[in-house]
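Chain residues, written in single-letter form:
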Amino acid sequence: MNFLKKYNIIPKSIKYYNIAFTHSSYSHENNLDYNYERLEFLGDAVLELVVTDYLFNKLDVKEGEMSRLRANYVCENALYKYAKEIELSKFIKVGNGEKQSGGQEKKAIMADIFEALIGAIYLDLGYNKAKQFIEEVVFPHIENNEENDFLRDYKSELQEKVQTNKKSVEYELIGESGPAHNKTFEMAVKIDDIVYGTAKAKTKKEAEQMAAKVALDKEVSN
């Protein structure tokens, strides 16, 4: 776990970190009585507190906006990106079956273990050290306004949902407005040539995502 030195984290008790990187499948196969889940619960609370404190003190925005921003920077997609950046997958222990399906690289597992690591740092070295780690890993993304990078991939979700019924999905530009330097695009999503949602946004990509969200909200698989 030499990567921790980069963040000036020198463990006092390595047991917390061993637990943080242990998936339940590994515990089951090796008859261990622990896994990362309790540490994940703790780390989630610490992460939310640190991010909330940052947003409260750094941004002059209303409660609703703070809640939205916090949700985007602690969502699974965000946690997965943080985990990938610090290469947590190298240290994750999963069972053989989970390993064969790429468990060490799965989004949900990597996101959970990132929070478990925060929990381990908190228990081992205290709140200030956990806060310092979060400041170094998470805060740069907030400062760079990267929240759109962590939005749910509604298009992929929609594609997966309709594939079970062997339906086709396509997106169509149905309108655009505004000057060349500040256009607004309106996209429609069609499932088997039937429009299930439309949305407007400043880019076609974002409009497609939001149109897919509209379609998902209509429970298109029914």
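Before reading on, note that the structure itself is shown above.
One structure accompanies this document, and this report is about it. (Residues numbered from 1 in each chain as written. Predicted model: local features only at pLDDT ≥ 70, side-chain atom pairs only at ≥ 80, totals over all residues. Heavy atoms only, no water.)

**Examining the overall build of the protein chain**
Threshold: Counting from the N terminus, the helices are the DSSP runs of H or I reaching at least four residues and the strands are the DSSP runs of E reaching at least two. Each residue is assigned to one of three classes by its accessible area relative to the maximum for its type, calculated with a 1.4 Å probe on protein chains only: buried under 20%, partly exposed between the two thresholds, exposed over 50%. Contacts: residue pairs with any heavy atoms within 4.5 Å of one another. Here the Shrake-Rupley method, with its probe set to 1.4 Å, supplies the accessible areas, and only the displayed protein chains count as covering residues. Lys and Arg are tallied as positive, Asp and Glu as negative. Neither His nor the chain termini are counted. To locate a charge, take NZ of a lysine, CZ of an arginine, CG of an aspartate or CD of a glutamate.
Secondary structure assignment for the protein chain yields eleven helices and three strands. For the protein chain, the sequential pattern of α-helices and β-strands runs α-α-α-α-α-α-α-α-α-α-β-β-β-α. Reported as C-alpha extents along the three principal axes, the dimensions of the protein chain are approximately 60 × 45 × 25 Å. Expressed as a percentage of the 222 residues in the protein chain, the buried residues total 39%. Within the protein chain, counting contacts between residues at least 6 apart in sequence, those at least 24 apart form 57% of the total. Approximately 12,600 Å² of the protein chain is accessible, and the part contributed by carbon and sulfur atoms is 47%. Averaging the positions of the 31 positive and the 37 negative side-chain charges in the protein chain gives two centres separated by 2 Å.

**Overview of the packing of helix 3 (residues 37-58) against helix 7 (residues 107-125)**
Which entries qualify depends on this criterion: Every angle, taken between N-to-C directions, lies between 0 and 180 degrees, and every axis is a line fitted to C-alpha atoms, over only the stretch in contact when it is a helix. Note on angle classes: values under 35 degrees are labelled roughly parallel, values over 145 roughly antiparallel, values of 65 to 115 roughly perpendicular, and the remainder oblique. Amino acids are sorted into nonpolar (Ala, Val, Leu, Ile, Met, Phe, Trp, Tyr, Cys and Pro), charged (Asp, Glu, Lys and Arg) and polar (every other residue, Gly among them).
One can describe the packing of helix 3 onto helix 7 by two numbers: an axis separation of 6 Å at closest approach and a directional angle of 80 degrees. Looking at the two axes, helix 3 sits roughly perpendicular to helix 7. Facing Leu39, Glu40, Leu42, Gly43, Asp44, Val46 and Leu47 of helix 3, the residues of helix 7 in contact are Asp112, Glu115, Ala116, Ile118, Gly119, Ala120, Tyr122 and Leu123. By residue class, the composition of the contact of helix 3 with helix 7 is nine nonpolar, two polar and four charged.

**A short note on the nonpolar core**
Stated precisely, the cut-off is as follows: Only buried residues count toward a nonpolar core. Its members are Ala, Val, Leu, Ile, Met, Phe, Trp, Tyr and Cys residues joined through side-chain atoms within 4.5 Å.
Counting 46 residues, the largest nonpolar core has Tyr82, Ile86, Leu88, Phe114, Leu117, Phe133 and Val138 as the members making the most contacts within it. When contributions to this core are tallied by element, the ones reaching two or more residues are helix 1 (14-20), helix 3, helix 4 (63-73), helix 5 (76-85), helix 7, helix 8 (127-137) and helix 9 (139-143). Here the element with the most residues in this core is helix 7; it accounts for ten residues. Excluding residues within four positions of it along the chain, Val138 makes contact with Leu47, Val51, Tyr82 and Phe114. One finds Tyr154, Ala199, Ala215 and Leu216 within the second-largest nonpolar core, a separate group that totals eleven residues.

**Looking at the environment of Val46**
Take Val46: it is sitting in helix 3. For the pair Val46 and Gly119, spaced 73 residues apart in sequence, the C-alpha to C-alpha distance is 7.3 Å. When residues no more than four places from it in sequence are discounted, the contact partners of Val46 are Ile118, Tyr122, Tyr127, Ala130 and Ile134.

**Here we look at the side chain of Glu40**
Of note, Glu40 is situated in helix 3. Not counting chain neighbours up to four residues away, the residues in contact with Glu40 comprise Asp112, Glu115 and Ala116.

**Here's the deal with the environment of Leu39**
With respect to the element layout, Leu39 can be found in helix 3. Leu39 sits 95 residues away from Ile134 along the chain, and the two C-alpha atoms are 16 Å apart. Beyond its immediate chain neighbours, meaning those up to four positions away, Leu39 contacts Tyr16, Ile19, Ala20, Glu115, Ala116, Gly119, Ala120 and Leu123.

**A look at the pattern of salt bridges**
We apply this condition: Any Lys or Arg side-chain nitrogen located within 4 Å of an Asp or Glu carboxyl oxygen qualifies as a salt bridge.
Inspection of the entire model under this criterion finds nine salt bridges. Put simply, Glu87 and Lys90 hold a salt bridge, and the shortest N to O gap is 3.1 Å. The partner of Lys106 in a salt bridge is Glu98, and the shortest N-O contact between them spans 2.6 Å.

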